[in-house]
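Fold and contact review
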Amino acid sequence: MTTIQRKKSNPIAHLTHEDIEQIGIELDAIRDEVMASRGEKDAAYIRRVIAWQRGLELGSRGVLLFSLFPPAWLIGTAGLSVAKILENMEVGHNILHGQWDWMRDPKIHSTKWEWDHASPAEQWKHSHNELHHTYTNVVGRDNDLGYGIMRVDEDQKWHPAHLGQPFYNFLNACFFEYGIAAYDLELGRNLATKERRQNPKFKAALKAVRRKIGKQVLKDYVVHPALSGPSFLHTIAANATANLVRNLWSHSVIMCGHFPTGVETFEKTSIEGETRGEWYLRQMLGSANISGSKAMHLMTGNLSHQIEHHLFPDMPSNRYKEIAPKIQDLFQRYGLSYVSGPLPKQVASAWYKVFRLALPNRGEAAIRRPVEKKAPAVSTRWRRAQPQVPASAHLGSAALGTPAPVALSAE
Amino acid sequence: MAVIRNLRSGAWRVIELITTPVVPADYLDVIAPLRNAQVLRAKIDAVRPETENSVTLVLRPGRGWQSHRPGQYVRVGVDVGGVRLWRSYSVTSPPSRRDGRFTITVNAVPDGVVSTHLVRRTKRGTIVHLDVPTGEFQLCHPRPAKALFVTAGSGITPVMGMLRSALHELSDVVVVHSAGTREAVVFGDELRALAAEGRIRLIERHTRADGRLKPADLDELVPDLFERRTWACGPNEMLDDLETHWADAEATHLLSTERFRPTLINSGGGGTITFAGSGTVVETDGSEPLLDSGEAAGVLMPSGCRMGICFSCVLPLREGAVRDLRDGQLTVAEPGDNIPVQTCISAAAGPCTIDA
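All figures in this text were calculated on a predicted structure; none of them were measured in a lab.

1. Some words on the overall build of chain B
In terms of helices and strands, chain B carries nine helices and 17 strands. Its C-alpha atoms give chain B principal-axis dimensions of about 65 × 60 × 40 Å. With 356 residues in all, chain B has 38% of them scored as buried. Restricting the contact set of chain B to residue pairs at least 6 apart, pairs at least 24 apart contribute 67%.

2. A closer look at the confidence of the model for chain B
With 99% of its residues at a pLDDT of 70 or more, chain B shows a mean pLDDT of 94. Across chain B, the secondary-structure element scoring lowest on mean pLDDT is helix H1 (residues 2–19) of chain B, at 89, and the one scoring highest is strand E2 (residues 54–61) of chain B, at 98.

3. Description of the pairing of strand E9 (residues 201–206) of chain B
All names here are of chain B. Here six bridges tie strand E8 (residues 172–179) to E9, and the two strands are oriented parallel to one another. Bridge assignment links Val 175 to a residue of E9, and that residue is Leu 202. Handedness of the crossover joining E8 and E9 through helix H5 (residues 188–196): right-handed.

4. Observations regarding the UniProt feature "domain: FAD-binding FR-type" (unreviewed entry) in chain B
Within this numbering scheme, the UniProt entry marks residues 37–140 of chain B as carrying the feature "domain: FAD-binding FR-type" (unreviewed entry). The span residues 37–140 of chain B is 9% helix and 43% strand, and its two end C-alpha atoms sit 31 Å from each other.

5. Focus: unusual backbone geometry
Put simply, Thr20(B) and Pro21(B) share a cis peptide bond, and its omega is 10°. Tracing the backbone shows Pro21(B) in the loop between H1 and helix H2 (24–31). His141(B) connects to Pro142(B) through a cis peptide bond whose omega is -10°. Tracing the sequence through the fold places Pro142(B) in the loop between strand E6 (127–130) and strand E7 (146–152). The backbone of Tyr147(A) shows a phi angle near 55°, a positive value even though the residue is not glycine. Locating Tyr147(A) in the fold gives a position in the loop between helix H4 (121–134) and helix H5 (165–174).

6. Examining the domain arrangement of chain B
For chain B, the domain assignment lists domain 1 (2–31), domain 2 (41–130), domain 3 (146–259) and domain 4 (271–354). Its C-alpha centre places domain 3 of chain B at a distance of 40 Å from the equivalent point of domain 4 of chain B.

7. A word on the nonpolar core
Counting residues in hydrophobic clusters, the biggest one holds 75 residues, and the most contacted among them are Tyr280(A), Leu281(A) and Leu311(A). For Tyr280(A), the residues in contact, after removing those within four places along its chain, are Ile23(A), Gly24(A), Leu27(A) and Leu311(A). If you look at the next biggest cluster of nonpolar residues, it comprises 31 residues, including Leu139(B), Ala147(B), Ala179(B) and Leu191(B).

Scoring rules and cut-offs
- Residues numbered from 1 in each chain as written.
- Chains lettered and ligands numbered in written order.
- Predicted model: local features only at pLDDT ≥ 70, side-chain atom pairs only at ≥ 80, totals over all residues.
- Helix = DSSP H or I, 4+ residues; strand = E, 2+ residues; numbered from the N terminus.
- Buried ≥ 20, exposed ≤ 12 C-beta atoms within 10 Å, placed from the backbone.
- Contact = placed C-beta atoms within 7 Å.
- pLDDT = per-residue confidence, 0-100.
- Pairing = 2+ DSSP bridges.
- Right-handed = clockwise from strand over helix to strand, strands pointing away.
- UniProt positions renumbered as here; feature names shortened; annotations may be inferred.
- Domains from an automatic or database assignment.
- Core = buried A, V, L, I, M, F, W, Y, C linked by C-beta atoms within 7 Å.

Take a look at the structure:
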């Protein structure tokens, strides 16, 4: 992809400023309806998933105490893999997004939760919730575009090191949880100079990660195998396999969120003074869904509804499915493309991009089109546009923030 | 012994490693929710109707419970519509119950989400959350020669706790109780029985027929009013009146009151924000996020996306009400609460206190 601002035919050129704010108003209405109807059933859902996940993990680890026997190894490893995937995706990721904070249960709260992952919850929440979800797909602002080790957009500068990126991506997939931990630490940047290495904040973060990894490793590769007695080595192999399966799976699902063909990226300057409507539109264009069964949605932690998740990151994940048709309808009415496809197709599409962009731009893509500059302004993403305000109403126009030219529809 | 202790703590550390990143208690909670001393809970063992609008709940507290003193209240956390809401209820049983259980008596308040839920929909076997009992509304030592209790509505509950545990230590007791009708008197039968036995002098006032009790009425009903040590509990207006009356007689030291304070909500929005950590107080009109108000006044606060999606700015609301600027939803904290709110999209909806 090329950022939307440098594209020859801009996919949102047909939208006026009013259209974009209207999209925001409609999305706010969808959000309000669901958020106001959260209740007992939703609370029971997340508690049930947590209980099942814990039961499955405990059961699988129990079976693995006898992993010397091949059937026990197979069943235990499969169960533990599923349990670890559920724990990271439907449970951990979504709780850390604050999707269940409304229950006011301190045991299931974004400020208290810790997950089975190399990256401590606190650090992940900063890089994911705050940076990635606010600056989604903005080249130079959203490091999820290639995780700082790959080039996944034509507008990211090519370097000979990118020739190796299919290999880096494969390695990252295998050790994904450690990759994320390194990414959350901004290891590349923070190890670069002595000053940054000595920064007490960075050192404290590094210590937290080391402690976290230490505990995880002790659990999976020392304590649990030791309890298995004669099955010691088999349990080590089983736990390593479960971690590998979880890493490969979550890496694949997450690649499908923003890398497949059809997903748009944005220029850094385009988000100056961004309104709520513009932010929503960027989320709509910057994400892709995975189609599939109920089981697929559960195992992806409902990141199969990536578009809905990016519009409303704090909406309980079990509700994305019900709003998806409304969101799709909105895309259609405003002439936008809702990117979605089955997992194998989306994974292939993402990998194709990793291979293609390992090489420098060629042909059309090599021509860098100029970007129209937008005047610097303060973003007012939290402020809602007022629905259907007559032109004379003073509050309405003020609430929309700066009546800047619509930078997104530059062409 | 030291060896065994070391072995035990070592074994526990191994178990903790197995369950990391959660704690072993998170697993045990599923089987035995009352065993966890870190999270105080209780099981509702019985639900007994009192009047048309009130029930007594018999609670079996789990580990970590401390027995109450008569007159004290306990904060109870109940899941209503998936949300854990906390309310304070006076303990109505004497502290010496041999089975370790205690009771609270709940009156369904109109529009009271929690009280209505407890009175109409709560079943035996439900698990609720608890705080340890607290409150200064207690009988004094030594016991007074003459005592007076002035109560209205559910204000009888802490007094009932006192009477049930210490009536035998009191020789001269007058109870002046107001309720809408005779049937609406909570513990009516028990109070009347005590009166019939001559253990208390009971003055019932049925306000629907006789109107509200005025402090001047008390002078007539209880001629030796200011010779008595008095405890009063009921609606705020009644307590305000009583406090003025006792102050006028320069007898404030003889009066103890217990208030069930409702949180003030400013429907127009706005209010005073108190940032508890720094002591900063800001006056707002309710159109601006707490985060902006705080930062403008120089309070250091965590922040993130500034649009309500990342939850980095979450801080505890200690008291008062805030409104979500996006959809207008209110979050109300009772005294003693600790509700994390997103400061970047919440504004004051009345006086409120934030931990920052």
